[in-house]
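Residues per chain, in single letters:
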Amino acid sequence: GENVEQHPSTLSVQEGDSAVIKCTYSDSASNYFPWYKQELGKGPQLIIDIRSNVGEKKDQRIAVTLNKTAKHFSLHITETQPEDSAVYFCAASLVNSGYALNFGKGTSLLVTP
Amino acid sequence: DVKVTQSSRYLVKRTGEKVFLECVQDMDHENMFWYRQDPGLGLRLIYFSYDVKMKEKGDIPEGYSVSREKKERFSLILESASTNQTSMYLCASSLNRDDLKTRYFGPGTRLTVT
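### Side note on the overall build of chain A
Alright, step 1. The helix and strand tally for chain A stands at zero helices and eleven strands.
Alright, step 2. Counting helices and strands in the order they occur from the N terminus, chain A gives β-β-β-β-β-β-β-β-β-β-β.
Alright, step 3. Rg of the C-alpha trace for chain A: 13 Å, near the compact-globule value of 13 Å for 113 residues, within the 12% margin.
Alright, step 4. Projected onto its principal axes, the C-alpha coordinates of chain A cover approximately 40 × 30 × 20 Å.
Alright, step 5. Partitioning the contacts of chain A with sequence separation of at least 6, the portion at a separation of at least 24 is 54%.
Alright, step 6. In the structure as shown, chain A presents an accessible area of about 5,500 Å², 48% of it carried by carbon and sulfur atoms.
Alright, step 7. Charged side chains of chain A number 10 positive and 12 negative; the gap between the two group centres comes to 5 Å.

Below is the structure:
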């Protein structure tokens, strides 16, 4: 099955700096890559996703890039703010699989003022 | 807003007890999921259901069972709780089998088995 590796496991940046979280996947057939943010005491929440027919997607300060050849995708957060502090999960799946969303192990991001 | 609610935020049970974790969603979603979340291991799928009375095993079903008698409710059952089932349990739902985007998670239940 699909194996998703996520790095780093912890990341500390200063407010205003950029943060990058990277994931790799093993199944070349995967074609859907969402990112979730989990704040303390809450369930994960979808923040951005990308499909394999697109190389990059941006939503305000958040962007995701996908390299299908290398089988890796990254989350970029620019101008980080303290409220960006959370655990971020990447995931990979087949669009039509319906159920099998394979998650990375998470990155704990800390943005210090 | 979609709401996925879980019956308890914190639960403490003894080894050997039968434990029920309840999850309810209010958006008429077909799919419902149970995950457990452990530090360093991320989210692992225990069971999922794509319709009433239907269930499928996920990656780590051992020691668990599920029940879906009504579309909005999905229960996770620990027949005989053990200490290695101490974890955060997350319920999620999504619209239907073709809609991965709408995977909404509940706030989680932190279960401690002593």
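### Description of the sheet that holds strand β8 (residues 73–78) of chain B
Residues and elements named next belong to chain B.
Alright, step 1. If you walk across this open sheet you meet the four strands as β1-β3-β8-β7, and the pairing is antiparallel. Each edge of the open sheet carries a strand with a single partner, namely β1 (4–6) and β7 (65–70). In this sheet, adjacent strand axes meet at a mean angle of 20° when their direction is disregarded.
Alright, step 2. Pairing between β1 and strand β3 (residues 19–25): three bridges, direction antiparallel. Among the inter-strand pairings, Val 4 is bridged to a residue of β3, identified as Gln 25.

### Remarks on the sheet that holds strand β6 (residues 56–59) of chain A
Residues and elements named next belong to chain A.
Alright, step 1. The strand order across the open sheet formed by five strands is β1-β3-β8-β7-β6, and the pairing between neighbours is antiparallel. On the outer flanks of this sheet lie β1 (4–7) and β6, each paired with one strand and no other. Ignoring strand direction, the axes of neighbouring strands in this sheet form an average angle of 15°.
Alright, step 2. Inspection of the sheet shows β1 paired to strand β3 (residues 19–25) by four bridges, in the antiparallel sense. Counted as the bridge partner of Val 4 is Tyr 25 from β3.

### Considering the environment of Lys13(B)
All names here are of chain B.
Alright, step 1. Position of Lys 13 among the secondary structure elements: in strand β2 (residues 10–13).
Alright, step 2. Owing to a relative accessible area of 23%, Lys 13 belongs among the partly exposed residues under this scheme.
Alright, step 3. C-alpha of Lys 13 to C-alpha of Thr 114: the two residues are 101 residues apart in sequence and 6.3 Å apart in space.
Alright, step 4. For Lys 13, the residues in contact, after removing those within four places along its chain, are Val 19, Leu 111, Thr 112, Val 113 and Thr 114.

### Focus on the side chain of Ser65(B)
Residues and elements named next belong to chain B.
Alright, step 1. Its place among the elements puts Ser 65 in strand β7.
Alright, step 2. Classification of Ser 65 as buried rests on a relative accessible area of 17%.
Alright, step 3. Those residues in contact with Ser 65, other than ones at most four positions away along the chain, are Tyr 47, Ser 75, Leu 76, Ile 77 and Glu 79.

### Examining the nonpolar core
Alright, step 1. By size, the foremost hydrophobic cluster in this structure holds 21 residues, and its most contacted members are Phe33(A), Trp35(A), Phe73(A), Leu75(A), Tyr88(A) and Leu109(A).
Alright, step 2. Mapped onto this core, the elements with two or more residues apiece are β3, β4 (32–38), β5 (45–51), β7 (62–67), β8 (72–77), β9 (86–92) and β11 (107–112) of chain A.
Alright, step 3. By size, the runner-up hydrophobic cluster in this structure holds 20 residues, among which are Leu11(B), Met32(B), Trp34(B) and Ala81(B).

### Looking at the state of the cysteines
Residue and element names in this part refer to chain A.
Alright, step 1. Applying the stated criterion to the full structure yields two disulfides over all chains.
Alright, step 2. Between the sulfur of Cys 23 and that of Cys 90 lies a disulfide, 1.9 Å long from S to S. Residues Cys 23 and Cys 90 are joined by a disulfide whose S-S torsion is about -100°; by sign, that bridge is left-handed. Within this pair, whereas Cys 23 is found in strand β3, its partner Cys 90 is found in strand β9, the two being separated by 67 residues in sequence. Pair check on accessibility: Cys 23 and Cys 90 agree, each one buried.

About the thresholds
- Residues numbered from 1 in each chain as written.
- Chains lettered and ligands numbered in written order.
- Predicted model: local features only at pLDDT ≥ 70, side-chain atom pairs only at ≥ 80, totals over all residues.
- Heavy atoms only, no water.
- Helix = DSSP H or I, 4+ residues; strand = E, 2+ residues; numbered from the N terminus.
- Rg over C-alpha atoms; globule rule 2.2 N^0.38 Å.
- Contact = heavy atoms within 4.5 Å.
- Areas by Shrake-Rupley, 256 points an atom, 1.4 Å probe, with all protein chains shown as cover.
- Lys, Arg positive; Asp, Glu negative; His and termini not counted.
- Charge placed at Lys NZ, Arg CZ, Asp CG, Glu CD.
- Pairing = 2+ DSSP bridges.
- Axes fitted to C-alpha atoms, helices over the stretch in contact; angles between N-to-C directions.
- Buried < 20%, exposed > 50% of the residue type's maximum accessible area, 1.4 Å probe, protein only.
- Core = buried A, V, L, I, M, F, W, Y, C linked by side-chain atoms within 4.5 Å.
- Disulfide = S-S within 2.5 Å.

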